[in-house]
Number of protein chains: 2
Amino acid sequence: MGDLSELFAPGRVAVVGATEREGSVGRAIVENLIEDFDGEVVPVNPKYDEVFGLPAVADVGETDADLAIVVVPPHIAVDAVRQAGEAGIQNVVVITAGFGETGSEGAAREQELTEVAEEYDLNLVGPNSLGIMSTPKGMNATFGPENATSGNMSFMSQSGAFITAVLDWANDEGIGFKDVVSLGNKAVLDESDFIDAWGTDEQTDVVIGYLEGIEEGREFIDTAREVTQDTPIVLVKSGRTDAGAQAASSHTGTIAGSDQAYEAGLEQAGVIRAESVQELFDSAQMLANQPLPDSKEIAIITNAGGPGVMSTDAVGDSSLSMASFSDETLEEFSEKLPEEGNIYNPVDIVGDADNDRFSEALDVALADENVGMALVLTCPTAVLDYEQLAEDTVELRKEHDKPVAACFMGGERVKPAAEILQESGIPNYFDPSRAVFALDALSDFKDISRREYDEPTEFDVDEERAREILESVKGRDDTRLGVEAMGLLDAYGIETPQGDIIDSPADALEVAEDIDGNVVMKIVSPDILHKSDIGGVKVGVEDEDVYDAYEDLITRARNYQPDANIIGVQVQEMVDLDNGVETIVGMNRDPQFGPLLMFGLGGIFVEVMEDTTFRVAPVAENEAHTMTEEIDSAPLLRGARGRDPVDVDEVTETIQRLSQLVTDFPAILELDINPLVALPDGAKAVDVRLTVDPDEL
Amino acid sequence: MGDLSELFAPGRVAVVGATEREGSVGRAIVENLIEDFDGEVVPVNPKYDEVFGLPAVADVGETDADLAIVVVPPHIAVDAVRQAGEAGIQNVVVITAGFGETGSEGAAREQELTEVAEEYDLNLVGPNSLGIMSTPKGMNATFGPENATSGNMSFMSQSGAFITAVLDWANDEGIGFKDVVSLGNKAVLDESDFIDAWGTDEQTDVVIGYLEGIEEGREFIDTAREVTQDTPIVLVKSGRTDAGAQAASSHTGTIAGSDQAYEAGLEQAGVIRAESVQELFDSAQMLANQPLPDSKEIAIITNAGGPGVMSTDAVGDSSLSMASFSDETLEEFSEKLPEEGNIYNPVDIVGDADNDRFSEALDVALADENVGMALVLTCPTAVLDYEQLAEDTVELRKEHDKPVAACFMGGERVKPAAEILQESGIPNYFDPSRAVFALDALSDFKDISRREYDEPTEFDVDEERAREILESVKGRDDTRLGVEAMGLLDAYGIETPQGDIIDSPADALEVAEDIDGNVVMKIVSPDILHKSDIGGVKVGVEDEDVYDAYEDLITRARNYQPDANIIGVQVQEMVDLDNGVETIVGMNRDPQFGPLLMFGLGGIFVEVMEDTTFRVAPVAENEAHTMTEEIDSAPLLRGARGRDPVDVDEVTETIQRLSQLVTDFPAILELDINPLVALPDGAKAVDVRLTVDPDEL
């Protein structure tokens, strides 16, 4: 997508469908635009000579505008966009509803709109949008009742109504925006385009948004990774829960991807995910105005012990930790604080603390090299002037260039002080836990901005052999593959136990004799899914019993289902489960994010404890390694309870190789290696199941 | 503790230490008291004839007061309290600080204060208290800058500063209180006393509080259980996290109990635990004013799809569920709502909804029998009058007598409507997730108020035999016991494997011959903790090998530590681990709550996954049973992955029997049955370890 700077800073805006008709969207747009816009507004409407005193033209082609806002009814909106394109207008916002959100006719209309936009290479917002705003140009090209005040956050939302609610609240709180975009149906421009644009916009310091879906997951990850090296992105992605996902799907008409994919994708993208409106603004305000901390060590300075304890609990819930003060700091506190106080963190300067004691204590704490950030936490007292404390806090924050959050508790008494703080970029939080949450987000972003995104390793693999195996499903009704596809793993360098699938007892013996020790024998048939239930698995078979075992397996299969398609019998090396840990490496394909990798420990850990982790493929070595670390049961891989650690590097490599396989072959819809037995030295994929889409081959 | 009604509604209040001196606590108290108090104030101060025009007396004994507020310095405060007691004044609030919170001298003074209070059977609040308030009498007997407005919540706090912050905020929000108590050091009256008093107070509909510690855990549980049959209790108990617990301990000077004990105790007490100030008031406001829901099914009515999805996510996070509407409701919605809307839950009545459509939709939803409660969720639009909607919401809530929460989103625009809602007991929440959280708390309390607290089962046990075994530690340095104490379990009817501890190979053989099948043999020595490491455990020993095995175990023990105290060898029946599930039942003694029971699955589940649950003993059958259900790994007990279920009833009974044992014997400081092997039929305690305090025997 091209440069969006003209979309937000046009010299001339055409309103296609401008009117003075009471209660109409066309009127609201023109009224909002002419209020503050530092540019020209051209009404387009063949019915009028002028609208609100502005000379109107009949056709958007006559306007020579940089941006066209389209509010005409849906059946003529596409034509209006085409005319804009023909006239060389590059930026279009389609306010009109009645497109993809309304059934098949609307969907066809939206398709047409997209094609027109592509033909003329348009930056098109919408359709079904509330419009856009950009405060530097004083442009309110929405039909909402509120205008944004100026600020350094840019805000996109898939819900127009949410924008009006947020602006009403934000204006009240003194929170401003640079650009605001109602995304609408995202026929052309989507969240990634705006993230990209705001990432290079010098006036945008934080990107925030409300999303119900992300269209192109991989593009989103790549774009957001780039942007979050400098600019924080905080998003509410709703549909987190099953109930919510169902509601989102019915609201937007899109297929809901799994929240596991969103969770993984947002994490990989470096996006800070907020779970509520409050979390969104609590963290965004901090990110918009404060320097990043040098460490995760927080100092809490308070005149009230109780709230001090509550805020310490909040620190315990976060990734931050309570700063340990240097000896010099402790000495200074000892000198300056009364004996009843607490010189350790949280620093209790006691209820009779006046402004001097408060600011002195804050100064001492912020000067300590062990302190990365501070929380100023107060309850109202007769001896404390809140406004003075606010001013001192602002001063000291600047002087020490460390982030500071405020929790001046109370109601009416706090308001003037809260305004002083807010104006200087120090949010005042009602509740200490919210202040700590916001500081934690700031610290998270510090980590994100320092991330190094490695390229995925490219392993040398036998892609052709893999393709041949996958192509075996062509022409079949059942496109699932099982152990007969172990060669697929082998082709991608994933170690499998020694062995083969054969179809005679003599061959079985030959394979078994090549293998050291006893073998495992399993019936191989797409018609027999639960082999163990029919006695279709034999463990620890000695060479001398292989012949009989073969015959017995075939007999059992035939007895179970006379017409079963029996591929043969797998004869496999015994894998040493006693010294190994069973893991599962899986993958399914998400509609938005594509291949989603899963890792967990086998059996109960995945099935009962649901102890799993997900990443969007392809993954780099460090991402794959993190997967092996972040499950709760990870200590079992690293030798818990006196056992030897297993070869985590080999597990990591298997995840990466699977990542490459499923990235190379979009035809693989889902795949499970279960178990992948992680051994003290190496890891072996004992069984595999996958489903193939032959049309993608 | 006696009746506290006079404490909160005295006819005459004496202020011991009353003065007009600027900036003094004695002045602040008198000023606050005389402002609104519907009663008489008597200043007590030998230095003055009058204080603020009120005739002063020299001695509290001359006042004939119902309540004395003591603000004189610590060294004379105890005498003042004694004089009050002598004069028959039953209620005393000690504002004065300088007691237990300030070191050993203060602690001695506090002890003296407690003794005086006991002697005269005083209702004593404090010392080190901000004071108390009671709005029906207009009594503000605190030295804080704020007075409470009238309401139906009673509030206690271990932090006086927090009270001032809360009142400033609450007055601003129109939130009122019946009584407010600053608990101070809780030398006499503590949280349980006030819970008890407010439980029978007709003007208190909700009890809320901020606590840093609970003194008498069992008393607290018993009191709160009784009260929460009718009156909800919502508490912030800080020190939830390790960091917070440390801070709480240093703030109050008390030994911190484990948060596991608090979590269990509060749950068993029927208390709703809030994790932050915001959660406290969000839920308390709902509980103070709304009827309890008939079901957990919530209907969401909104004019904004996006926030509708967000609130559905919040429902997904809660114990509530989205109501499924009846056919009649769906039909009515189909008729009344525009086609673009959504007649399913969350009901989207679309952005152009006017007040009629909104209230009609809410009416229809609340009339549905499947709907237990509703959330009214709106974003500002040009066609919607917020104030009218607030009035309609209030009306419909009353009419249907179902709980309704409001989330009218926005800032300035919302305020008048929010006031209308608030006045009628419908809190308006900034964020839909907070509204859902509060409704969830309401529904939680419904469950709590319906709880039946069974009496713990009293099993027929051999207490004498148990005592003898425990007494074996008397006179020993090491007061730990191991397998040699298996008889303790046996005495309390907890099944143990067949077998015995013997000290000769011949006896070993005799025991082994009595046991069906092979046996397990283990060295028994308090000096050898890790038996397996020295080869001190032999599994599957056949009768013919028992003799040699005995000799070998003794030799290994001697080689490992020549002077080890070897009690003998345990010869035990083999427990069928293949068909069993290893569990752990443990107990330790908490300083506040006493015996704390733990249950979890053996090995990795407790050690790596930390999948455990706790209850304060004694527990009834249903509580013990819940413990076996609420761990994450509980499905493994009930036959996950194709295995047979184990005998959960027997596990439940073992927990109850252990509960009885540790309740009968305070001398048991900690005890672990590890493993308790749960079998398809029965459960066997294979090993035990405990620590005994002989002084408690």
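Residues numbered from 1 in each chain as written. Chains lettered and ligands numbered in written order. Predicted model: local features only at pLDDT ≥ 70, side-chain atom pairs only at ≥ 80, totals over all residues. Heavy atoms only, no water.

Turning next to the overall build of chain A. Per the secondary structure count, chain A includes 23 helices and 30 strands. Along the first, second and third principal axes, the C-alpha set of chain A runs to 95 × 80 × 40 Å. Among the 697 residues that make up chain A, the fraction classed as buried is 60%. Contacts in chain A between residues far apart in sequence, at least 24 positions, make up 71% of those at least 6 positions apart. Looking at chain A as shown, the accessible area adds up to about 27000 Å², and 41% of this sits on carbon and sulfur atoms. Of the charged side chains in chain A, 44 are positive and 142 negative; the average position of the first set lies 3 Å away from that of the second. (Helix = DSSP H or I, 4+ residues; strand = E, 2+ residues; numbered from the N terminus. Buried < 20%, exposed > 50% of the residue type's maximum accessible area, 1.4 Å probe, protein only. Contact = heavy atoms within 4.5 Å. Areas by Shrake-Rupley, 256 points an atom, 1.4 Å probe, with all protein chains shown as cover. Lys, Arg positive; Asp, Glu negative; His and termini not counted. Charge placed at Lys NZ, Arg CZ, Asp CG, Glu CD.)

This brings us to the sheet that holds strand β8 (residues 131–134) of chain A. All names here are of chain A. With mixed pairing, the 7 strands of this open sheet are ordered in space as β9-β8-β11-β10-β12-β13-β14. In the strand order of this sheet, the two ends are held by β9 (139–142) and β14 (272–274), each with one partner. Put simply, the sheet's adjacent strands are angled 15° from each other on average, direction ignored. As paired elements, strand β10 (residues 150–157) and strand β12 (residues 206–211) share 5 bridges and run parallel to each other. Of the residues in β12, the one forming a bridge with M156 is G209. Strand contacts of helix α10 (residues 277–289): β10, β11 (177–182), β12, β13 (233–237) and β14, with the helix running at about 165° to β12, the strand carrying the most contacts. (Pairing = 2+ DSSP bridges. Axes fitted to C-alpha atoms, helices over the stretch in contact; angles between N-to-C directions.)

Here we take up the environment of G88 of chain B. The residue G88 of chain B is located in the loop between α3 (74–86) and β6 (91–94) in this model. Residue G88 of chain B is classed as partly exposed on the basis of its relative accessible area, which comes to 48%.

The next point concerns the relation of the copies chain A and chain B. Overlaying chain A on chain B yields an RMSD of 0.1 Å, the required transformation being a rotation through 180° with an accompanying axial translation of 0.0 Å. In short, the pair behaves as if placed about a two-fold rotation axis. Relative to the rotation axis, the C-alpha of M609 of chain A is the closest in chain A, positioned 4.6 Å from it. Taken together, the interface assignments show that 100% of the residues at the interface of chain A recur at the interface of chain B, consistent with an identical surface on both copies. (Least-squares fit on C-alpha atoms with pLDDT ≥ 70 in both.)

Before going further, it helps to examine helix α20 (residues 546–560) of chain B. Residues and elements named next belong to chain B. Its 15 residues give α20 an end-to-end C-alpha distance of 21 Å, which sits within 8% of 21 Å, the value for a rise of 1.5 Å per residue. Within α20, the full set of buried residues consists of V546, A549, Y550, L553, I554 and A557. One face of α20 carries all of its buried residues, which in axial projection span an arc of 130°. Opposite the packed face of α20, turned more than 90 degrees from it, sit the exposed residues D548 and N559. Residues of α20 that are buried make contact with β21 (499–502), α19 (505–514), β22 (519–524), β23 (537–541) and β24 (568–573). (Expected span 1.5 Å × (residues − 1). Arc of directions from axis to C-beta.)

A few words now on the interface of chain A and chain B. Counting residues at the interface gives 70 residues for chain A, matched by 70 residues for chain B. Buried surface at the junction of chain A and chain B, summed over both partners, amounts to about 5300 Å²; 64% is from carbon and sulfur atoms. Across the contact surface, chain A and chain B share 7 salt bridges. Between R413 of chain A and E146 of chain B there is a salt bridge, with its nearest N and O atoms 2.4 Å apart. Here chain A is connected to chain B by 30 residue pairs in polar contact (both at pLDDT 80 or more). (Buried area = accessible area lost by both parts, 1.4 Å probe. Salt bridge = Lys/Arg side-chain N within 4 Å of Asp/Glu carboxyl O. Polar contact = N/O pair within 3.5 Å; in protein donor to acceptor, adjacent residues only side chain to side chain.)

What follows covers the UniProt feature "domain: CoA-binding" (unreviewed entry) in chain A. UniProt records the feature "domain: CoA-binding" (unreviewed entry) for residues 7–99 of chain A in the present numbering. Along residues 7–99 of chain A, the helical share is 29% and the strand share 24%, with 22 Å between the first and last C-alpha atoms. (UniProt positions renumbered as here; feature names shortened; annotations may be inferred.)

Here we come to a negative patch on the surface. Residue and element names in this part refer to chain A. A cluster of like negative charges, contributed by D500, D503, D507, E510, E513, D514, E542, D543, E544, D545, D548 and E551, occupies part of the molecular surface. Mapped by element, the contributors of at least two residues to the negative patch are α19 (505–514) and α20 (546–560). In terms of residue count, the dominant contributor to the negative patch is α19 (4 residues). (Patch = residues over 30% accessible without salt bridge, like charges linked within 9 Å, V, L, I, M, F, W, Y side chains within 5 Å.)

The next subject is the confidence of the model for chain A. Averaged over all residues, the pLDDT of chain A is 93; the fraction at 70 or higher stands at 99%. For this predicted complex, the interface score ipTM comes out at 0.91, while the overall pTM is 0.93. (pLDDT = per-residue confidence, 0-100.)

In this structure, F177 and I208 of chain A together with F177 and I208 of chain B are the most contacted members of the largest nonpolar core, which totals 110 residues. The contact partners of F177 of chain A, leaving out residues within four places of it in the chain, are T135, A148, T149, S150, G151, M153, F155, V166, L167, A170, I208 and F281 of chain A. Ranked by size, the runner-up nonpolar core spans 104 residues in total, among them L481, F599, L658 and A683 of chain B. (Core = buried A, V, L, I, M, F, W, Y, C linked by side-chain atoms within 4.5 Å.)

Residue and element names in this part refer to chain B. In contact at an axis separation of 9 Å, α3 and helix α4 (residues 104–120) are set at 5° when each is read in the N-to-C sense. Considering the angle they form, α3 stands roughly parallel to α4. Contact with α3, carried on its side by P74, H75, V78, V81, R82, G85 and E86, involves R109, E112, L113, V116 and Y120 of α4 and no other residues of that element. Residues that form the contact of α3 with α4 fall into these classes: 6 nonpolar, 2 polar and 4 charged. (Parallel < 35°, antiparallel > 145°, perpendicular 65-115°, else oblique. Nonpolar A, V, L, I, M, F, W, Y, C, P; charged D, E, K, R; others polar.)

The next point concerns the sheet that holds strand β2 (residues 40–44) of chain B. All names here are of chain B. Across the sheet, 5 strands lie side by side as β2-β1-β5-β6-β7; this open sheet has parallel pairing. Each end of this open sheet is capped by a strand with a single partner; those strands are β2 and β7 (123–125). Taking each pair of neighbouring strands and ignoring which way they run, the sheet shows an average axis angle of 20°. The pairing of β6 with β7 spans 3 bridges and is parallel. Looking at β7, one finds that V93 is bridged to V125. The strands touched by helix α2 (residues 25–36) are β1 (12–16), β2 and β5 (67–70); relative to β1, the strand with the most contacts, the crossing angle is about 165°.

The next subject is the pattern of salt bridges. When the charged atoms of two side chains lie near each other, side chains of opposite charge can form a pair. According to the stated counting rule, one finds 67 salt bridges over all chains in the structure shown. Put simply, R12 of chain A and E40 of chain A hold a salt bridge, and the shortest N to O gap is 3.3 Å. Of this pair, R12 of chain A sits in strand β1 (residues 12–16) while E40 of chain A sits in strand β2 (residues 40–44), and the two are 28 residues apart along the sequence. The residue E267 of chain B makes a salt bridge to R451 of chain B at a minimum N-O spacing of 3.2 Å. Residue E267 of chain B is found in helix α9 (residues 259–269), and its partner R451 of chain B is found in the loop between α16 (432–449) and α17 (463–471); the two are separated by 184 residues along the sequence. In this structure R451 of chain B comes out as partly exposed when scored by relative accessible area, which is 23%.

Going from N345 of chain A to P346 of chain A, the amide bond is cis rather than trans, its omega being 0°. Position of P346 of chain A relative to the elements: it lies in the loop between α12 (327–336) and β17 (347–348). Omega for the bond connecting N674 of chain B with P675 of chain B falls within 30 degrees of zero, at 5°, which places this linkage in the cis form. By secondary structure assignment, the location of P675 of chain B is in strand β28 (residues 668–678). A positive phi angle, near 55°, is found at D121 of chain A, a position not held by glycine. Looking at the secondary structure, you find D121 of chain A in the loop between α4 (104–119) and β7 (123–125). For K186 of chain B, which is not a glycine, the phi torsion comes out positive at approximately 55°. Looking at the element boundaries, K186 of chain B is found in the loop between β11 (177–182) and α6 (191–199). For K186 of chain B, a relative accessible area of 7% gives the class buried.

Further remarks concern the environment of T393 of chain B. Residue and element names in this part refer to chain B. In this structure, T393 sits in helix α14 (residues 386–400). What makes T393 buried here is its relative accessible area of 0%. For the pair formed by T393 and I343, sequence separation is 50 residues and the distance between their alpha carbons is 19 Å. In this view, T393 contacts L362, V376, V404, F408, L421 and I426; residues no more than four positions away in its chain are not counted. There is a polar contact of 2.7 Å between the side chain of T393 and the backbone oxygen of L389.

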